[in-house]
Amino acid sequence: MSQEIRVRFAPSPTGALHIGGVRTALYNYLFARKNGGKMILRIEDTDQSRYVPWAEKYIKESLDWVGIEVDESPEKGGPYGPYRQSERKDLYAQYAKKLLDEGNAYYAFDTPEELDAMRERLKAARVASPQYNSVTRMEMKNSLTLPEDEVKAKLEAGEPYVIRLKVPRKEEIRLNDMVRGWVMVHSSAIDDKVLMKSDGMPTYHLANVVDDHLMKITHVIRGEEWLPSAPLHVLLYRFLGWESTMPQFAHLPLILKPDGNGKLSKRDADQHGFPVFPLSWEDKAEQVSGFKESGYLPEATLNFLSLLGWSPGNNEEMFDKEALIENFTIERIGKAGTKFDIDKAKWFNQQYLKRKSNAELAVNLSEQLAKVGIEVEQSVKEAVCNELKERAVFLNDLWEMGSFFFVAPLNYDEKVAKNKWKAEAVKVLEGFSNKLDSETEILTADKAKALFEESLNQEGVKMGKVMQSLRLAITGLGSGPDLMNLMEILGSSEVSQRIKRAIEELKVQA
Ligand code: GLU
């Protein structure tokens, strides 16, 4: 039997999950589902100083909202738990010890001042990026430079220390990334990263590698910002004796600003007024909007995100979750950064909104109507949704574009009134409204059209001369949905009243 595919999404709860994080989760999820594997959610909360208490809940709610289901997580549990790193704290120490015992890690006792002094010294010597590494470590206060008994004494006295990885001085580290191909790094470019901090907590690097191994992760799919860490992780796998079962790496391309210049950031969102977070969140004085609250549908958001880095290899764009699962492959993830085009997100929203049933759309309309205290029959709401769904981008547009279905206009578009509200049009409308008043049957779109045409003929006026005035009288606007259908929904007496009122309100133009 072939090995079970196991992937993980491993966010750090340091704040709201960025939309790019949701893309990472999505690609992991699609890969797992496509291959009949498992999707794990692991919370990487070892950095106490950056811990934000509400972040884990936010992560979970975001995944739920777009429909990414996980198989193992802090909440669901699973065979390789716990799934929160802070609850696995004791586990990491034993691996740090193994690295120490085998000479692949060492204790370092340098104080923050001593570290600063080292950096200053190197800067003065024109070293571009001063690092604690295979060269500089020999001048620092650590178990490689201090006599053994002094190290022992310091440890026994409880002096603060960190454990650092002893990166070999001259070694080429290679890894074959599924997206980027062979990545080669010389060990001299890697610094002696801290593995265990003075508070006894592991750093990201150690915890991440240990957990990926213990949780039997087969593929690490994550953002490109982690690519520079990958060679270090390879070293850790090697030193821990796990290189032969090391997961395969796939680093996802960056998501770029709309103009392609640099990485998408929260500042872009503030500047251009589009969301870069799945859900709205609040922090101190700040109110940040999310895709959900901005009116994006989860299925549209999912489809939009799926194409930020992956492509199906043809021109197709509409992929619901099932279609994505069927078509997704890591081979079709590109290397190049991909621009965040919010207009595309809007386009997807429109496509998915159009596909919804009128009854589904009417739910949103009902909420809006309830807010203004208007009661309307379900069939009318559905008919209105049917008229508007072709042009709505967001759910709220249904109300914003179509409130005239429920409320007679109070104002009239001035420009249209000025250009179109002429004596001959008013005459036709007057005749039409009288016909509506004496109409006994229910007004259908066809009937409305017939009566309107009769009125036009009686006055000998062409339809084009009156259409916009009729719309203006009924809706107050210069454009909108099909007028005949609109009149059917409103009914003859409402249409007639609106026409009469417009005739009273508007001045006939010469
Ligand atoms: N905790 C890391 C993050 O916040 C995980 C990176 C990884 O997937 O290895 O993104």
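Let me begin by describing the structure that accompanies this report. (Residues numbered from 1 in each chain as written. Predicted model: local features only at pLDDT ≥ 70, side-chain atom pairs only at ≥ 80, totals over all residues. Heavy atoms only, no water.)

### Overview of the overall build of the protein chain
Summing up its helical and strand segments, the protein chain has 20 helices and 13 strands in all. Since a compact globule built from 510 residues should have a radius of gyration of about 24 Å, the 33 Å found for the protein chain marks it as more spread out than a globular shape. Looking at the 510 residues of the protein chain, the share that counts as buried comes to 48%. For the protein chain, the proportion of contacts with a sequence separation of at least 24, taken over those separated by at least 6, is 73%. Per element, the accessible surface of the protein chain, about 24800 Å² overall, is 48% carbon and sulfur. (Helix = DSSP H or I, 4+ residues; strand = E, 2+ residues; numbered from the N terminus. Rg over C-alpha atoms; globule rule 2.2 N^0.38 Å. Buried < 20%, exposed > 50% of the residue type's maximum accessible area, 1.4 Å probe, protein only. Contact = heavy atoms within 4.5 Å. Areas by Shrake-Rupley, 256 points an atom, 1.4 Å probe, with all protein chains shown as cover.)

### Things to note about the sheet that holds strand β3 (residues 105–108)
The strand order across the open sheet formed by three strands is β3-β4-β7, and the pairing between neighbours is antiparallel. The sheet is open, and its two edges are formed by β3 and β7 (194–196), each paired on a single side. The sheet shows a mean angle of 45° between the axes of neighbouring strands, direction not considered. (Pairing = 2+ DSSP bridges. Axes fitted to C-alpha atoms, helices over the stretch in contact; angles between N-to-C directions.)

### Describing the environment of leucine 398
In this structure, leucine 398 sits in helix α14 (residues 397–402). Residue class for leucine 398 comes out buried when judged on its relative accessible area of 0%. Sequence spacing of leucine 398 and aspartate 192 is 206 residues, and the spatial spacing of their C-alpha atoms is 58 Å. Discounting residues that sit within four places of it in the chain, leucine 398 has contacts with Leu361, Leu365, Cys385, Leu388 and Ala392.

### Digging into helix α3 (residues 89–101)
Between its first and last C-alpha, α3 extends 19 Å over 13 residues, near the 18 Å set by a 1.5 Å rise per residue. Inspection of α3 places Tyr92, Tyr95, Ala96, Leu99 and Leu100 among the buried residues, and these make up the whole buried set. Considered in projection along α3, the buried side chains sweep an arc of 150° and stay on one side of the axis. Turned more than 90 degrees away from the buried face of α3, the exposed residues are Asp90 and Asp101. The inward-facing, buried residues of α3 abut β3, β4 (162–165), β7, α6 (204–214) and α7 (230–239). A positive backbone phi angle near 75° is found at glycine 103, which sits one or two residues after α3. (Expected span 1.5 Å × (residues − 1). Arc of directions from axis to C-beta.)

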